[in-house]
Amino acid sequence: MSILITSMIFGLILSFLALGVFISFRVFDFPDITVEGSFTTGAALAALLIVSGCDPMLSCLVSFAAGMVSGALTGLIHTRFRINPLLSGILVMTALYSVNLHVMGRSNLPMPGAVTLFSGLEKISQQLFGQGSKVLLLGWSVDIKDVVILVTLLVAVSLTGFVLRWFLRTNLGTAMRATGDNDQMIRALGVNTKWMIVFGIALANGFVALSGALMAQFQGFADVQMGIGMMVWGLASVIIGEVVVGRTSVGYVIFGAVLGSVLFRLLVAIALRLGMNPNDLKIITAAFVFIALILPGLMKRRKSLWGRKKYA
Amino acid sequence: MLELYNIKKTFHSGTVHEVRALNGVSLTLEKGSFVCVLGSNGSGKSTLLNAIAGTFPVDEGTIRLDGTDITAWPEHKRARHMGRVFQNPLSGTAPNMTISENISLALRRGKPRGLGPGISHGKKEEYRQMVRPLNMDLEERLDNPIGKLSGGQRQALTLLIASALQPKLLLLDEHTAALDPKTAARVTEITQMIITRDSLTTLMVTHSMHQAVHMGDRLIMMHQGRVAYDFKGEDKKRLKVNDLLALFDDLRRKDAIDPGVAALLSNNYV
Ligand SMILES: Nc1ncnc2c1ncn2[C@@H]1O[C@H](COP(=O)(O)OP(=O)(O)O)[C@@H](O)[C@H]1O
Ligand SMILES: [Mg+2]
C-alpha cells in the first residue's frame, strides 16, 4: 500500500508538469521541449536555495519564475525570429543544461537533512498525530505522514487547477485559447498573438519548473538528468486524462491532466512491481504516447470504412 | 474613411518569380460606402485587402484610416478598427470554442483583454440577440463548439464576429465563394442586412458579377494590380452584368496586345 501512496504523491507532484504540458500542447498547440530543461532548472534552483537555508515555499516561487523566464525565451525565439517551435525549445533546453550545471555546481545536488516542504509536513503530522503512527486505509496500514503529504498536495493541485480554469476563461485566457485554436481569427480581432504565445509558454514552463522543485524536495536531491523524457511523460498524462475524462471543456481537460498524471504513475508503479525493467520505462512511455496519438486517426479510418460498406 | 495612395507591392522581388501584385493603387472610400471589387484571378484583389489589413507591409504608398496614417501599423493593431471575412469558412472562427466564446472574443475587439470573465450568464442574452437575425437556429446552440456547424453557419457567424462593435472598415474577400449556391445566397442576404443596418464602410471582393451589380454603391474592377475601372453613383446603378462582361472582354483584348502598345493606344483613343 505504501508504494501506492508514494506513487500517488509522485503523480500529484508531476501533475504540475502535466498542467504545463497541457498549456503548451493543448492550449497553444506548441510542442514545447523546453520542459526537459526547465523541469531540471526548477529542481536545481530549489535544491540550491534550500541547501543554503532559504524558505522552501520561497524556493518554489523562485523556481516557478525561472521556469517562466525559460519559457518566455523559447516563445521569443519562436515569435521574434520565426524559428519553429520544436527547434526554439531545443535551443533553450540545450542552453539550460549548462545553466543547471552552473546552478548546482555539479551534476547531482543532494540536500540531506534540509528543511523542505515535505519535511515541514512531516513535522506537522508528528505534532498532530505523534511519531511513526499508522492509519488503516482500505484495510492497509499506512504511514500517517504520507497521508498528510498526499492530502496537502491534493489540496494544492486542486486549487491550482481551479485557478487555471478560472484564468483560461477570463478575457485574456479566452484570447490565449483562441490563439492556439485559430490564430488568424484572433489576430483579425486585434490580438497580438506573439505576446500570447510568449506569455503562454512562459506560464507552462513556470508550472513545469514548480513540478521539478517539488520533485527535488520529495526525492531529497536534484539531478541534471532528471528532466529527460519529461515532455513525453507530461503528454502521456494529458492524453490519459482526455481518454478517461473527455475533452468537452477546459475544466474537464485540466481535471483529466491531473488524474492522468496520477493514473500514469500508478500504472508505472504496478508495471515495475510486476517485474518491468526500469530501463524500459522511457521506451514504453514513448510507445504508449505514439499509440495514443495515432489511435483517433485509425479509429476514424475504420469508421469511414464501415460507413462506405453501408452505402455500397 | 479609408484613403489609399499609390500602394505598391511586389512579391519575390528580384527573383524569376517576381510578381507585381499591386502596381500603384489609389482609392478613397467615403464613410459608409459599400464598394464591390471585381477582377480576374491574380489581378490583386486579395493582395489589396491584405495590404489594407496589414498582413504584410507594402513597398510603397500610404494608407490612412479616418485621417490617421496606419501604413506602419502591425496587423493586430489595424484589426482594432477592421473586421475581416475570408473565403474559407474555417478561417474566421475558432472551431474548438463555443459560439458564445467566439462572440465574446469579437466583443473585445480593440479593448483590453484582462482578467474579467470571458462569458457570464448576463451576456448570454446579448449573444442570443446577436445571432437571432441570422435566422439559423443558433440561439439554442450557443454552447456548442463552432467546429460542429456547417460552412454557411460558420461564415454567417464570421460576418457577425467581423462586424461586431461596428468597425471603421469591413473587408470581405470572396466570402461566399466556397459555399453552395443556396447557402451563398443566404450569406449574401445576411451580408447586405448587416452592412445596411450598421452603415459599415465596406470593401467586398466578389467573383460573382451578379453580386457586384446588385450590391453596394460603387464598383471597382482590378486589372494587373491597378484599378482599371471605377463606377459610382448613377453609373454604378445603371451597370448590368452584360456591361461587366464587355469590360472583361476589353481587358482581355488589351492583354493580348503588347502592354506598351496597349498603353499607347489607350492614351490616344480612350
Ligand atoms: N503571399 C504571396 N506570396 C507570393 N505571391 C503572392 C502572394 N499573394 C499573392 N501573390 C501573387 O500576387 C498576384 C495577385 O494575387 P491575389 O491578390 O491573390 O489575386 P486575386 O485578385 O485573385 O485575389 C498573384 O499572381 C499571386 O500569385
Ligand atoms: Mg483572391
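Look up: the structure comes first, before these words.
Attention here is on the structure that accompanies the text. (Residues numbered from 1 in each chain as written. Chains lettered and ligands numbered in written order. Predicted model: local features only at pLDDT ≥ 70, side-chain atom pairs only at ≥ 80, totals over all residues. Heavy atoms only, no water.)

### Some points on the overall build of chain A
Under the convention used in this document: The numbering of helices and of strands both runs from the N terminus, where a helix is a DSSP run of H or I of at least 4 residues and a strand a run of E of at least 2. The atom set for the radius of gyration is the C-alpha atoms, and the globule formula is 2.2 Å times the number of residues raised to the power 0.38. For each residue, the accessible area found with a 1.4 Å probe, counting protein chains only, is set against the maximum for its type, and the residue is called buried under 20%, exposed over 50%, and partly exposed in between.
Looking only at helices and strands, chain A features 12 helices and 4 strands. The C-alpha atoms of chain A give a radius of gyration of 20 Å, which matches the 20 Å a tight globule of 312 residues would have. Counting only C-alpha atoms and orienting by the principal axes, one finds that chain A spans roughly 70 × 50 × 40 Å. Every one of the 312 residues in chain A was classed for burial, and the buried ones make up 52%.

### A look at the layout of surface pockets
Note the cut-off: Of the grid points, spaced at 1 Å and generated over the protein atoms alone, those admitting a 1.4 Å probe that cannot get out make up cavities, while open sets with protein on both sides within 12 Å along at least five of seven lines make up pockets; any residue with an atom within 4 Å of a point is treated as lining. Grid points are joined across faces, edges and corners, and a volume is the space filled by probe spheres set on the points. The nonpolar class holds Ala, Val, Leu, Ile, Met, Phe, Trp, Tyr, Cys and Pro. Asp, Glu, Lys and Arg form the charged class, and all remaining residues, Gly among them, are polar.
The computed volume of the largest pocket comes to approximately 1000 Å³. A:Arg177, A:Arg247, A:Thr248, B:Asn96 and B:Met97 are the residues nearest the centre of the largest pocket, which is lined by 28 residues in total. Contributing elements (two or more residues each) for the lining of the largest pocket: helix H1 (2-27), helix H7 (171-181) and helix H11 (250-273) of chain A together with helix H4 (121-131) of chain B. Broken down by element, the lining of the largest pocket gets its largest block of residues, 4 residues, from H1(A). Considered class by class, the residues forming the lining of the largest pocket number 9 nonpolar, 8 polar and 11 charged.

### Some points on the site of ligand 1
Residues and elements named next belong to chain B. The cut-off we apply is this: In these notes, residues near a molecule or strand are those with any non-hydrogen atom within 4 Å of it. The definition of a polar contact used here is a pair of N or O atoms within 3.5 Å, where within protein one atom must be able to donate a hydrogen and the other to accept one, and adjacent residues in sequence count solely through side-chain atom pairs. For every accessible area listed, the method is Shrake-Rupley and the probe measures 1.4 Å; residues are considered covered only by the protein chains on display.
Neighbouring residues of ligand 1: Phe 11, His 12, Val 19, Ala 21, Ser 40, Asn 41, Gly 42, Ser 43, Gly 44, Lys 45, Ser 46 and Thr 47. Within the backbone of Gly 44, an N or O atom sits 3.0 Å from an oxygen atom of ligand 1. Here an oxygen atom of ligand 1 and a side-chain polar atom of Ser 46 are 2.8 Å apart. When the free accessible area of ligand 1 is taken as 560 Å², the share hidden by the protein chains comes to 64%. Only strand S2 (19-29) and helix H1 (45-53) provide two or more residues apiece to the shell around ligand 1. Per-element accounting of the shell around ligand 1 gives the leading share, 3 residues, to H1. A breakdown of the residues in the shell around ligand 1 according to their chemical character gives 3 nonpolar, 8 polar and 1 charged.

### Some thoughts on empty space enclosed by the protein
Remark: the empty space left among the atoms is shown by a probe the size of a water molecule rolled over them. Applying the stated criterion across every chain, the model contains 3 cavities of 30 Å³ or more. By volume, the largest cavity amounts to about 70 Å³. Together, A:Met185, A:Ala188, A:Leu189, B:Gly83, B:Arg84, B:Phe86, B:Ser91, B:Gly92, B:Arg109, B:Thr158, B:Ile161 and B:Ala162 line the largest cavity. Of all the secondary structure elements, the ones that give two or more residues to the lining of the largest cavity are strand S6 (82-85) and helix H5 (151-163) of chain B.

### Observations regarding a nonpolar patch on the surface
All names here are of chain A. Cut-off, in case you're wondering: To count toward a patch, a residue needs a relative accessible area over 30% and no salt bridge; like charges are then connected within 9 Å, while nonpolar side chains (Val, Leu, Ile, Met, Phe, Trp, Tyr) are connected within 5 Å. A pair is scored as a salt bridge if a Lys or Arg side-chain nitrogen falls within 4 Å of a carboxyl oxygen belonging to Asp or Glu.
Side chains of Phe 290, Ile 291, Leu 293, Ile 294, Leu 295, Leu 298 and Met 299 sit close together on the surface and give an oily, nonpolar patch of about 650 Å² of accessible area. Inspection of the secondary structure assignment puts Ile 294 in helix H12 (residues 281-311). On the basis of relative accessible area, Ile 294 is assigned to the partly exposed category, the value being 33%.

### Looking at the pattern of salt bridges
If you walk through the whole model with that rule in mind, you get 19 salt bridges over all chains. Two residues, B:Asp66 and B:Lys168, come together in a salt bridge whose shortest N-O distance is 3.7 Å. Pair noted here: B:Asp66 is in the loop between strand S4 (60-65) and strand S5 (68-69) and B:Lys168 is in the loop between H5 and strand S7 (169-173), with a separation of 102 residues, a long-range link. The salt bridge involving B:Arg252 is made with B:Asp249; its shortest N-O contact spans 3.2 Å. Here B:Arg252 pairs with B:Asp249, and both are found in helix H9 (residues 241-256), just 3 residues apart, close to one helical turn. Look at the salt bridges and you will find they share partners, linking A:Arg26, A:Glu242 and A:Arg247 into a network.

### Examining the packing of helix H2 (residues 35-51) of chain A against helix H9 (residues 193-219) of chain A
All names here are of chain A. Operational definition: Each axis is a line fitted through C-alpha atoms, taken for helices only over the stretch in contact, and angles between the N-to-C directions span 0 to 180 degrees. Note on terminology: angles under 35 degrees are roughly parallel, angles over 145 are roughly antiparallel, angles of 65 to 115 are roughly perpendicular, and the others are oblique. Crossings are assigned a handedness: left-handed for a near helix turned anticlockwise from the far helix by less than a right angle, right-handed for a clockwise turn. Any two residues whose heavy atoms approach within 4.5 Å at even a single point are treated as in contact.
Closest axis-to-axis distance for the H2/H9 pair is 7 Å, and the angle between their directions is 50°. Between H2 and H9, the interaxial angle falls into the category oblique. Note on packing geometry: the crossing formed by H2 with H9 is right-handed. Contact residues: Val 35, Ser 38, Phe 39, Gly 42, Ala 43, Ala 46 and Ile 50 in H2; Asn 205, Val 208, Ala 209, Ser 211, Gly 212, Ala 213, Met 215, Ala 216 and Gln 217 in H9. Partitioned by chemical class, the residues of the contact of H2 with H9 number 10 nonpolar, 6 polar and no charged.

### Comments concerning the side chain of A:Arg177
Secondary-structure assignment places A:Arg177 in helix H7. Apart from residues lying up to four places away in sequence, A:Arg177 is in contact with A:Val27, A:Leu168, A:Arg169, A:Val250, B:Met97 and B:Glu101.

### Thoughts on the packing of helix H3 (residues 56-81) of chain A against H9(A)
When two helices pack together, their arrangement is given by the angle between the helix axes and by the axis-to-axis distance. Residue and element names in this part refer to chain A. It is at 6 Å that the axes of H3 and H9 come closest, and there the two elements cross at 145°. When the axes of H3 and H9 are compared, the crossing they make is right-handed. Classifying every residue of the contact of H3 with H9 by side-chain character gives 18 nonpolar, 10 polar and 2 charged.

### Some details on the pairing of S7(B)
For a regular strand, the rule is simple: side chains alternate between the two faces of the sheet. Residue and element names in this part refer to chain B. As a reminder of what qualifies: Any two strands between which DSSP finds at least two bridges are classified as paired.
When you tally the buried positions in S7, you get 5 out of 5 residues, the bulk of the element. Neither face of S7 is left uncovered, since the one carrying Leu 169, Leu 171 and Asp 173 and the one carrying Leu 170 and Leu 172 both have all their residues buried. By the bridge criterion, 4 bridges tie S6 to S7 in an arrangement that is parallel. Counted as the bridge partner of Gly 83 is Leu 170 from S7. As paired strands, S7 and strand S8 (residues 202-205) are joined by 4 bridges and run parallel to one another.

### Description of H3(A)
Note: α-helices contain 3.6 residues per turn, so residues at a spacing of three or four share the same orientation. Residue and element names in this part refer to chain A. We apply this condition: A helix's residues, less one, multiplied by 1.5 Å, set its expected span.
Taking 1.5 Å per residue, 26 residues should reach 38 Å; H3 reaches 37 Å between its end C-alpha atoms and fits that length. Its side-chain oxygen at 3.2 Å from the backbone nitrogen of Met 57, Asp 55 defines the N-terminal cap of H3. In the stretch just after H3, Arg 82 is the one whose phi turns positive, near 55°.

### Looking at the interface of chain B and chain A
The criterion, for reference: The quantity reported as buried area is the accessible area (1.4 Å probe) lost by two parts once they are put together, taken as the sum for both.
Between chain B and chain A, the residue contacts involve 30 residues of the former and 21 residues of the latter. A combined buried area of about 2100 Å² lies between chain B and chain A, and 57% of that area is made up of carbon and sulfur atoms. It is B:His76, B:Arg113 and B:Leu115 that lose the most area in chain B upon contact with chain A, and together they represent 28% of the buried surface on that side. Where chain B touches chain A, the interface holds 2 salt bridges. Residue A:Arg187 pairs with B:Glu75 through a salt bridge whose shortest N-O separation is 3.4 Å. The tally of links between chain B and chain A comes to 14 residue pairs in polar contact (both at pLDDT 80 or more). For the side of chain B that touches chain A, the secondary-structure elements that each account for two or more residues are helix H2 (75-78) and helix H3 (99-106) of chain B. A per-element tally of the side of chain B that touches chain A places H3(B) first, with 5 residues. Class assignment for the residues of the side of chain B that touches chain A results in 13 nonpolar, 11 polar and 6 charged.

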